[in-house]
Each structure stands twice: as C-alpha cells, then as structure tokens.
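A closer look at the structure
Listed here are the chains, written in short residue letters.
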Amino acid sequence: MEKIQMLIDGAWVGSENEQWIDVINPATGELITQIVRGNEEHADRAVQTARKALKSKEWKSFKPFERGQFLQETARYIRANAEALAELESLDIGKPSAQAKADIEAAARYFEFYSGLADKVFGDTIPIEEDLLNVTVMDPIGVTLHIVPWNYPIQITARSVAAAIATGNVVIVKSSEDTPLTTNFLAKWFHEKLPKGVFQHLTGYGAEIGSALTSHPGVNQITFTGSVPTGIAVMKSAANNVVPVTLELGGKSPNVVFKDADLDRAVPAIVNSIVQNAGQTCSAGSRLLVDETIADELIEKLVEKFKHLKVGPPANHAEVGPIINEKQYKRILEILGTIDKQAKILVGGEAVQVEGYENGFYIRPTIIEASNHNNSFVQEEIFGPVLSVVRFTDVEEAIELANATDYGLVAGVWTKDIDVAHYVASRIESGQVFINSYGAAGGVQMPFGGYKKSGIGREKSHLAVQNYIQIKNIAIQVQL
Ligand code: NDP
C-alpha cells in the first residue's frame, strides 16, 4: 500500500526528512504501510492554516443548510464505499468484518445525524425591557482538534468531526499512529469537497505531534478519546491556553444481574459487551456483578459460550480479533500473569497461537472470578477480552459495587422488576444505564460520556453540538 501522507494547507505532505512510522497489521504482524512522523512544525503549519480557513470568505459563506447538505453527501459517500472502508478498518485493527461494517454504518449515521442539526442550532431572544432587543447567537468555537484513538477510528472521527463541521468550525484530526487508514480515506473526500484548511489530517506519535497540537495557542477546543493519563496531560496543556476539552477516557463498566433476570437475554449481551473488538472498547462490559443465588448458573453459561468463541483474523471469520499492537498484547498478558492466587481464572487467561497467523496478537477470551472487588484487575481498565466476576447479596451491595471504581461510563442492569431497575439505574454513577440490554447499535442519538474519571462532557446526540459553539449575547438598544 502507498505511504500515507498528511493533509495540511490543502496539500498532501510526506516526510521531508524520511521520518516514517510503520503501520502494522495486528492480525498478521506484517507491515501494511507507513505514515509520516509529524512534528511540531507540521502541527504549527496546520493550526495557522486552520485559523486562516476559519476566517476565510469561502468557509464563512458556506451556509448552515449547505453544511448540512455536505454532511448528508458525506454519509452517502461513506455508504457507497462501505465495503472498501470496512476492509481498511479490518486491516488496520484486525476486527471481524461484521464489526467493521457496523462501524462504517455508525460513521455514516453520525454524518447524517449532524447534517440535520446544522441549520437548527440557534439562540434566543430574551425579554429585558422595551426597546432593548436582546439576542443570543451561537458562534462556532473555532479551530477544533480531534485526537482519535485506535479502537474505533472511523466512528470516533465521525462522531466529533460531524458535530464540529455542522456548527461551522474547522477541524484538525490527529489519527492514532496504529490506525490511520480510514481517516486518510475520508481526508481525500474532504480535500476534494471543502475549502482548503477546513479539514486537515495529521499523523505521528501522540507524544510528539499530538502534544504539539494540544499545547498550541491557536487551537480553540480539543476532543480527546483515550487513556486517563493521556487525558490528564491533554487537559493540562489545554488549561495553559484556557481551552475547553471534551474527554472520553474509558471505563470499567458493569453488567449487574439480579436473581430474576432473563438469562437467555442477558448471556449473549454480556458476552458481546466484553468480546466486541476484542474487549478494546471504552464502554466494554468488563465487570459482571451477579446475585449470589444465580451466580453459578450464569457463570457456567458464560464459560460455555467463551470456550466456543472463535479467535483469529478477519480472514478466518473469527468472532474475536487480535489485540491492536504488541505493546497492548504484552500488557494484557502481564496482567493475566499476575492474577492474585485467590482469584480464579475460569476460562482463557492466555495467548492463542492461530495457525498461519503466528505473529498476530491473539488472547483467549477470559473470565476471572475475583476474590475481592478491590482486586486490581477488577478496578483497572484492561482493554482486552477479560471479564471479571464478583457476587453480591442484595440490591444495596450491587449498587455499592457498581459504583466502586474510578470510572462511570456505562452500566447494564438485568431484572424483570421495574422497581429494582429504576432504583438501581438512578443510583448508578455512570453516563449511560441500559436496562435489560447493553448498548444500542451505534447509539448515535444517545448522549455519551462519563461520570468520574471516565471523562468530561458528552458526545453523540444533539447535546454534542454544545462542545463546538460559543454563545454571544447581543443587545440592541433602539432609539428613535
Ligand atoms: P493513549 O491515551 O496514550 O492514546 C490515545 C490517543 O492519544 C492516540 O491517538 C495517541 O496517539 C494520542 N496521544 C498519546 N499521547 C498523547 C499526548 N501526549 N498528547 C496528545 N495526544 C496523545 O492510549 P494508548 O493507545 O497508549 O492505550 C493505553 C490505554 O488507554 C488502553 O489500554 C486503554 O485502557 C486506554 N484507551 C482508551 C480508549 C477509549 O476508547 N477510551 C481508546 C484507546 C486507549 P498515538 O497512538 O499516535 O500515540
């Protein structure tokens, strides 16, 4: 595959000093392509260009409804190229093709959803006194920076970029060094269709070009998805320039299963919630909290399902793909290797050698029964196909355990009792609670974001446009 160039100032930019980074296929361990190791100078050039584009006549004269039409066109373009995009996403992340296809459809849905909002973000008239006309105007916030991780690159790019363009901003996307392919594909489309500098795509290491961008005084807003430590670093950089951040920093989300739950419904959802994308999902259902009276029955059913999950590359039609890179793979194996003796690995807990793909990064889906909810593997985000199980005795203990981590992104509650369902949902500290389900395809319309260290702000839904506007109050004093 051709080397991937950055899109800066309306031009394709390679590496002037032969500084390229390898992009590896996690399913095979083989080289896919190379990206530019972007640097501070590239970051500065992109921000200067973005500032010019923001003020340009060309972008300012793009009317809100025309931005909406463009976003609709983008959704159609994504659907028309769904096969090619899904192949790229599978190649880059190793995810099964059905999951990659679902990601592409979700990306199209983001563009579609925000297309409809582009000309419906408006202010108020506020009554103060006669002959004073007071109005609020929703201005774009300006140069928006989108730091995208490697687990859902096209979805995460689409969800914030669509909202930012709908509201008239300009956009700089920094891809993860592991997964630039689908954003590069979209960059070609934006290059062709939008005024120069409205959309730019940069690549390189997070610690280099990423941090040069987050600390740049010309950036007006940052949307970051990734780990807590990097999120904190991004927030500190942004603080120096008094710039708002939207942070989505993952979780340790529970499925809470009560004794009257319909296990036939719960089991497939619990399995999917932790093995989807090999567990590399911010909203993964990585903790199972279960009433002790049904725990053995539920655990047995889950272990049976886990044993039969097919692990391997997309080419083998596997249900569980590889881990994204060697670093993450080793990290997960290290965690599994240090499981406390009192905890019990019920299934999995090891690497998988897939014939013909010996250099891929595969881990067997794992269930561990914790001895204690404070076990580090119950508390920390593992970001792999690893489910921890803890039993509870009553509703109050279930709520206490559900809330007993630093995170609060998503929770599933399984019960037929509406009183229990509502009582628990209203006491769980997390941005989303699902009753008798876990997640919704794409969930584009639902506000998404975290309590506690899971993040700041909300993405998805109509609320996300708030991240990309600033409110100006204009008071007109009338005098004849
Ligand atoms: P990071 O948080 O380090 O990376 C996420 C994104 O931030 C990537 O695009 C990365 O670029 C970029 N980045 C890294 N450092 C900086 C920086 N100093 N300034 C600006 N941008 C930066 O996550 P890792 O990939 O290292 O994964 C580690 C853990 O993070 C995972 O195990 C998981 O727990 C969590 N994570 C959570 C995600 C979520 O969806 N909430 C997504 C990804 C990870 P680059 O890749 O080029 O370094």
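As named in an unreviewed UniProt entry, the protein chain is Aldehyde dehydrogenase family protein, taken from Psychrobacillus soli. UniProt lists a comment for the protein chain under the heading Sequence similarities (unreviewed entry), and it reads "Belongs to the aldehyde dehydrogenase family."

1. A word on the sheet that holds strand β6 (residues 132-140)
As summarised here, the arrangement of the three strands in space is β5-β6-β20, forming an open sheet in which the pairing is antiparallel. Of all the strands in the sheet, just β5 (125-129) and β20 (469-477) have a single pairing partner and so form its edges. Across this sheet, the average inter-strand angle for adjacent strands is 25 degrees, counted without regard to direction. Examined bridge by bridge, β5 and β6 share four bridges and lie antiparallel to one another. Paired with E129 across the strands is L132, a residue of β6.

2. Considerations on the nonpolar core
Grouped together as the largest cluster of nonpolar side chains are 82 residues, with contacts concentrated most on F111, Y114, I172, F190, L194, F199 and I222. Those residues in contact with L194 that lie beyond four places of it in its chain are W59, F62, F70, I165 and F199. Grouped together as the second largest cluster of nonpolar side chains are 62 residues, F258, L288, A295 and Y329 included.

3. Quick word on the UniProt feature "domain: Aldehyde dehydrogenase" (unreviewed entry) in the protein chain
UniProt marks residues 12-474 with the feature "domain: Aldehyde dehydrogenase" (unreviewed entry), using the numbering shown here. For residues 12-474, the helix share is 39%, the strand share is 20%, and the end-to-end C-alpha distance is 41 Å.

4. Topic: the pattern of salt bridges
Throughout the structure, instances matching the rule amount to 19 salt bridges. A salt bridge links D119 to K120; its shortest N-O distance comes to 2.8 Å. Among the residues examined, K120 registers a relative accessible area of 47% and is labelled partly exposed. Taking the shortest distance from any N to any O, the salt bridge between E459 and R159 comes out at 3.3 Å. Within this pair, whereas E459 is found in the loop between β19 (455-456) and β20, its partner R159 is found in helix α6 (residues 153-166), the two being separated by 300 residues in sequence. Each of R79, E105, R109 and E112 takes part in one network of salt bridges that share partners.

5. Things to note about a nonpolar patch on the surface
Residues L133, I474, I476 and V478 make up a contiguous nonpolar surface patch of about 300 Å² in total accessible area. With respect to the helices and strands, V478 occurs in the segment after β20.

6. A look at the domain arrangement of the protein chain
The domain architecture assigned to the protein chain consists of domain 1 (6-249 + 456-474) and domain 2 (254-441). Inter-centroid distance (C-alpha atoms) of domain 1 to domain 2 is 31 Å. Opposite the 20 residues of domain 1 that make contact, domain 2 presents 26 residues. Around 1800 Å² of area is buried between domain 1 and domain 2 when both sides are counted, 58% of it from carbon and sulfur atoms.

7. Considerations on unusual backbone geometry
Excluding glycine, residues mostly carry a negative phi; peptide bonds, for their part, are mostly trans. With a phi close to 55 degrees, E18 is a non-glycine residue in the positive phi region. Inspection of the secondary structure puts E18 in the loop between β2 (11-13) and β3 (20-24). Taking relative accessible area as the criterion, E18 reaches 57% and is therefore assigned exposed.

8. Notes on the site of the ligand
If you check the shell around the ligand, you find 28 residues, and the closest are V148, W150, E177, S227 and E381. V148 is positioned such that a nitrogen or oxygen atom in its backbone is 2.8 Å from an oxygen atom of the ligand. The protein chains hide 87% of the 860 Å² of surface that the ligand would expose on its own. Going through the elements one at a time, α8 (206-214), β10 (221-225) and α12 (326-337) are the ones with two or more residues in the shell around the ligand.

9. So, the layout of surface pockets
The method is simple in principle: a probe with the dimensions of a water molecule rolls over the atoms, and the space it marks as empty is what remains. Counted as a void, the largest pocket has a volume near 1100 Å³. Going through the elements one at a time, α8, β10, α9 (228-240) and α12 are the ones with two or more residues in the lining of the largest pocket. Its residues assigned to classes, the lining of the largest pocket shows 14 nonpolar, 16 polar and nine charged. Split by domain, the residues of the lining of the largest pocket number at least three in each of domain 1 (6-249 + 456-474) and domain 2 (254-441). Of the volumes computed, that of the second largest pocket is approximately 770 Å³. Taken together, 34 residues form the lining of the second largest pocket, with Q155, Q276, A440, A441 and G442 sitting closest to its centre. At the level of secondary structure, the elements contributing two or more residues to the lining of the second largest pocket comprise α5 (97-117), α6, α10 (263-275) and β18 (432-435). At seven residues, α5 tops the list of elements feeding residues into the lining of the second largest pocket. Taken together, the residues of the lining of the second largest pocket sort by class into 16 nonpolar, 13 polar and five charged.

10. A few points about the UniProt feature "active site" (unreviewed entry) in the protein chain
Summarizing the sequence annotation, UniProt attributes the feature "active site" (unreviewed entry) to E248 in the numbering used throughout. For E248, the position within the fold is in strand β11 (residues 245-248).

11. Re the sheet that holds strand β12 (residues 254-257)
Taking strand neighbours across the sheet as the criterion, the seven strands line up as β14-β15-β16-β13-β12-β17-β18 in an open arrangement whose pairing is mixed. Both edges of this open sheet fall to β14 (344-347) and β18, since each of them pairs with a single strand only. Neighbour-to-neighbour, the strand axes of the sheet open up by a mean angle of 25 degrees, direction not taken into account.

Quick notes on the rules
- Residues numbered from 1 in each chain as written.
- Predicted model: local features only at pLDDT ≥ 70, side-chain atom pairs only at ≥ 80, totals over all residues.
- Heavy atoms only, no water.
- UniProt positions renumbered as here; feature names shortened; annotations may be inferred.
- Pairing = 2+ DSSP bridges.
- Helix = DSSP H or I, 4+ residues; strand = E, 2+ residues; numbered from the N terminus.
- Axes fitted to C-alpha atoms, helices over the stretch in contact; angles between N-to-C directions.
- Core = buried A, V, L, I, M, F, W, Y, C linked by side-chain atoms within 4.5 Å.
- Buried < 20%, exposed > 50% of the residue type's maximum accessible area, 1.4 Å probe, protein only.
- Contact = heavy atoms within 4.5 Å.
- Salt bridge = Lys/Arg side-chain N within 4 Å of Asp/Glu carboxyl O.
- Patch = residues over 30% accessible without salt bridge, like charges linked within 9 Å, V, L, I, M, F, W, Y side chains within 5 Å.
- Areas by Shrake-Rupley, 256 points an atom, 1.4 Å probe, with all protein chains shown as cover.
- Domains from an automatic or database assignment.
- Buried area = accessible area lost by both parts, 1.4 Å probe.
- Near = heavy atom within 4 Å.
- Polar contact = N/O pair within 3.5 Å; in protein donor to acceptor, adjacent residues only side chain to side chain.
- 1 Å grid on protein atoms, 1.4 Å probe; cavity = no way out; pocket = protein on both sides within 12 Å on 5 of 7 lines; lining within 4 Å.
- Points joined across faces, edges and corners; volume = space filled by probe spheres on them.
- Nonpolar A, V, L, I, M, F, W, Y, C, P; charged D, E, K, R; others polar.

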